[in-house]
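Inside the fold
What follows is the residue order along each chain.
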Amino acid sequence: MAESVGLILENLIKLTRSSEKKFKRGNFKGAIEDKIKANEILKSKSCDEKIIEKYREELSSLYSSKFDLIFDHKLKIDEIKRNEIVKMLEQKSKEKLKNLDYKGAIKALRRSEKYLSN
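Residues numbered from 1 in each chain as written. Predicted model: local features only at pLDDT ≥ 70, side-chain atom pairs only at ≥ 80, totals over all residues. Heavy atoms only, no water.

Moving on to helix H3 (residues 49-62). A rise of 1.5 Å per residue sets the reference length of H3, with its 14 residues, at 20 Å; its end C-alpha atoms lie 20 Å apart and thus fit the reference within 8%. When H3 is considered as a whole, its buried residues turn out to be Ile 51, Tyr 55, Glu 58, Leu 59 and Ser 60. (Helix = DSSP H or I, 4+ residues; strand = E, 2+ residues; numbered from the N terminus. Expected span 1.5 Å × (residues − 1). Buried < 20%, exposed > 50% of the residue type's maximum accessible area, 1.4 Å probe, protein only.)

Shown next as C-alpha coordinates:
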(Lines give C-alpha, C1' and ligand atoms only; values in the text may rest on other atoms or scores of the structure.)
Protein backbone atom coordinates (compact mmCIF):
# COMPACT_ATOMS: atom_id res chain seq x y z
CA MET A 1 0.00 0.00 0.00
CA ALA A 2 2.74 2.45 0.98
CA GLU A 3 4.58 1.55 -2.22
CA SER A 4 1.54 2.36 -4.38
CA VAL A 5 1.08 5.68 -2.53
CA GLY A 6 4.70 6.50 -3.32
CA LEU A 7 4.23 5.60 -6.99
CA ILE A 8 1.07 7.69 -7.28
CA LEU A 9 2.80 10.68 -5.70
CA GLU A 10 5.87 10.17 -7.88
CA ASN A 11 3.71 10.12 -11.03
CA LEU A 12 1.88 13.28 -9.92
CA ILE A 13 5.16 15.10 -9.32
CA LYS A 14 6.65 13.93 -12.64
CA LEU A 15 3.58 15.11 -14.55
CA THR A 16 3.55 18.44 -12.75
CA ARG A 17 7.24 19.10 -13.35
CA SER A 18 6.90 18.00 -16.97
CA SER A 19 4.00 20.40 -17.40
CA GLU A 20 6.03 23.25 -15.91
CA LYS A 21 8.98 22.57 -18.23
CA LYS A 22 6.71 22.45 -21.27
CA PHE A 23 4.97 25.67 -20.17
CA LYS A 24 8.28 27.49 -19.83
CA ARG A 25 9.36 26.28 -23.29
CA GLY A 26 6.11 27.53 -24.81
CA ASN A 27 4.60 24.07 -25.40
CA PHE A 28 1.23 25.02 -23.93
CA LYS A 29 -0.66 22.09 -25.45
CA GLY A 30 1.79 19.59 -23.92
CA ALA A 31 1.68 21.44 -20.60
CA ILE A 32 -2.12 21.31 -20.37
CA GLU A 33 -2.17 17.63 -21.38
CA ASP A 34 0.23 16.73 -18.54
CA LYS A 35 -1.74 18.86 -16.09
CA ILE A 36 -5.00 17.15 -17.10
CA LYS A 37 -3.42 13.72 -16.50
CA ALA A 38 -2.23 14.86 -13.06
CA ASN A 39 -5.70 16.14 -12.20
CA GLU A 40 -7.27 12.86 -13.28
CA ILE A 41 -4.97 11.03 -10.87
CA LEU A 42 -5.80 13.51 -8.10
CA LYS A 43 -9.53 12.96 -8.58
CA SER A 44 -9.25 9.17 -8.74
CA LYS A 45 -10.16 6.90 -5.85
CA SER A 46 -6.51 5.87 -5.45
CA CYS A 47 -5.66 9.37 -4.23
CA ASP A 48 -6.17 9.99 -0.52
CA GLU A 49 -5.68 13.05 1.71
CA LYS A 50 -2.07 12.12 2.45
CA ILE A 51 -1.17 12.11 -1.25
CA ILE A 52 -3.05 15.36 -1.83
CA GLU A 53 -1.22 17.05 1.07
CA LYS A 54 2.19 15.90 -0.25
CA TYR A 55 1.20 17.09 -3.73
CA ARG A 56 0.28 20.52 -2.32
CA GLU A 57 3.72 20.71 -0.72
CA GLU A 58 5.26 20.01 -4.11
CA LEU A 59 3.13 22.75 -5.68
CA SER A 60 4.32 25.14 -3.00
CA SER A 61 7.95 24.51 -3.90
CA LEU A 62 7.23 24.78 -7.63
CA TYR A 63 5.32 28.03 -7.39
CA SER A 64 7.29 29.72 -4.61
CA SER A 65 8.13 33.30 -5.43
CA LYS A 66 9.29 36.32 -3.52
CA PHE A 67 6.46 38.36 -5.02
CA ASP A 68 3.37 36.16 -5.01
CA LEU A 69 0.10 38.08 -5.06
CA ILE A 70 -1.96 34.89 -4.95
CA PHE A 71 -0.21 33.82 -1.74
CA ASP A 72 -0.99 37.21 -0.22
CA HIS A 73 -4.61 36.96 -1.37
CA LYS A 74 -4.96 33.43 0.09
CA LEU A 75 -4.10 34.81 3.53
CA LYS A 76 -7.08 37.17 3.38
CA ILE A 77 -9.79 34.76 2.18
CA ASP A 78 -11.39 31.73 3.79
CA GLU A 79 -11.41 28.13 2.54
CA ILE A 80 -14.88 28.46 0.96
CA LYS A 81 -13.88 31.49 -1.11
CA ARG A 82 -10.60 29.79 -2.08
CA ASN A 83 -12.51 26.73 -3.33
CA GLU A 84 -14.89 28.97 -5.31
CA ILE A 85 -11.94 30.66 -7.00
CA VAL A 86 -10.31 27.29 -7.79
CA LYS A 87 -13.55 25.98 -9.35
CA MET A 88 -14.00 29.17 -11.37
CA LEU A 89 -10.42 28.98 -12.68
CA GLU A 90 -10.78 25.27 -13.53
CA GLN A 91 -14.00 26.06 -15.44
CA LYS A 92 -12.24 28.91 -17.24
CA SER A 93 -9.46 26.49 -18.19
CA LYS A 94 -11.99 24.01 -19.63
CA GLU A 95 -13.66 26.77 -21.68
CA LYS A 96 -10.30 27.93 -23.05
CA LEU A 97 -9.39 24.32 -23.89
CA LYS A 98 -12.67 23.89 -25.82
CA ASN A 99 -11.63 26.92 -27.91
CA LEU A 100 -8.16 25.37 -28.40
CA ASP A 101 -6.58 28.23 -26.43
CA TYR A 102 -3.92 26.04 -24.82
CA LYS A 103 -1.97 28.96 -23.40
CA GLY A 104 -5.05 30.42 -21.70
CA ALA A 105 -6.12 26.98 -20.46
CA ILE A 106 -2.79 26.15 -18.83
CA LYS A 107 -2.49 29.63 -17.32
CA ALA A 108 -5.90 29.32 -15.63
CA LEU A 109 -5.09 25.83 -14.37
CA ARG A 110 -1.69 26.90 -13.01
CA ARG A 111 -3.35 29.83 -11.25
CA SER A 112 -5.91 27.51 -9.65
CA GLU A 113 -3.10 25.29 -8.38
CA LYS A 114 -1.47 28.27 -6.71
CA TYR A 115 -4.63 28.66 -4.65
CA LEU A 116 -4.38 24.97 -3.69
CA SER A 117 -0.72 25.01 -2.69
CA ASN A 118 0.28 25.40 0.94
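Now for the nonpolar core. The biggest cluster of nonpolar side chains holds 12 residues, and these are Val 5, Ile 8, Leu 9, Leu 12, Ile 13, Leu 15, Ala 38, Leu 42, Cys 47, Ile 51, Tyr 55 and Leu 59. Of all elements in the fold, only helix H1 (2-24), helix H2 (28-43) and H3 reach the threshold of two or more residues within this core. With 6 residues, the single largest contributor to this core is H1. In this structure, Leu 15 is in contact with Asp 34, Lys 37, Ala 38 and Ile 41, ignoring residues within four places of it in sequence. Membership of the second largest hydrophobic core comes to 6 residues, among which are Phe 23, Ala 31, Ala 105 and Ile 106. (Core = buried A, V, L, I, M, F, W, Y, C linked by side-chain atoms within 4.5 Å. Contact = heavy atoms within 4.5 Å.)

Here we take up the packing of aromatic side chains. All told, the structure shown has 1 aromatic pair when counted by the stated rule. Relative to Phe 28, the ring of Phe 23 has its centre 5.5 Å away and its plane inclined at 65 degrees; by these criteria the two rings are edge-to-face. Classification of Phe 23 by relative accessible area gives buried; the value is 15%. Seen from the ring of Phe 23, Arg 110 lies directly overhead, with NZ or CZ sitting 3.9 Å from the centre. (Phe/Tyr/Trp six-rings, centres within 6.5 Å; stacked < 30°, edge-to-face > 60°. Lys NZ or Arg CZ within 6 Å of the ring centre and 35° of its normal.)

To continue, consider a negative patch on the surface. On the surface, a cluster of negative charge is contributed by Asp 48, Glu 49, Glu 53 and Glu 57. Relative accessible area serves as the criterion here: at 62%, Glu 49 is assigned to the exposed category. (Patch = residues over 30% accessible without salt bridge, like charges linked within 9 Å, V, L, I, M, F, W, Y side chains within 5 Å. Areas by Shrake-Rupley, 256 points an atom, 1.4 Å probe, with all protein chains shown as cover. Salt bridge = Lys/Arg side-chain N within 4 Å of Asp/Glu carboxyl O. Lys, Arg positive; Asp, Glu negative; His and termini not counted. Charge placed at Lys NZ, Arg CZ, Asp CG, Glu CD.)

Once that is clear, we can look at helix H5 (residues 79-98). Counted at 1.5 Å a residue, the expected span for H5 with its 20 residues is 28 Å, and the 29 Å between its end C-alpha atoms agrees. What H5 keeps buried is the set Arg 82, Ile 85, Val 86, Leu 89 and Ser 93. In a view along the axis of H5, the buried residues occupy a sector of 100 degrees, so they form one face of it. What points out from H5, more than 90 degrees from its buried face, is the exposed set Ile 80, Lys 87 and Lys 98. Phi turns positive, to about 60 degrees, at Leu 100, one or two residues after H5. (Arc of directions from axis to C-beta.)

At a closest axis distance of 8 Å, the pairing of H2 and helix H6 (residues 102-116) adopts a crossing angle of 40 degrees. By the angle between their axes, H2 is oblique relative to H6. Our pair here, H2 against H6, has a crossing hand that is left-handed. Each of Phe 28, Lys 29, Ala 31, Ile 32, Lys 35 and Asn 39 in H2 lies in contact with H6, whose residues at this interface are Tyr 102, Lys 103, Ala 105, Ile 106, Leu 109, Arg 110 and Glu 113. Considered class by class, the residues forming the contact of H2 with H6 number 7 nonpolar, 1 polar and 5 charged. (Axes fitted to C-alpha atoms, helices over the stretch in contact; angles between N-to-C directions. Parallel < 35°, antiparallel > 145°, perpendicular 65-115°, else oblique. Left-handed = near helix turned anticlockwise from the far one by under 90°. Nonpolar A, V, L, I, M, F, W, Y, C, P; charged D, E, K, R; others polar.)

Below, the discussion takes up the confidence of the model for the chain. Residues with a pLDDT of 70 or more make up 88% of the chain, whose mean pLDDT is 85. Here helix H4 (residues 69-76) stands out as the least confident element of the chain, with mean pLDDT 71; H5 is the most confident, with 92. (pLDDT = per-residue confidence, 0-100.)

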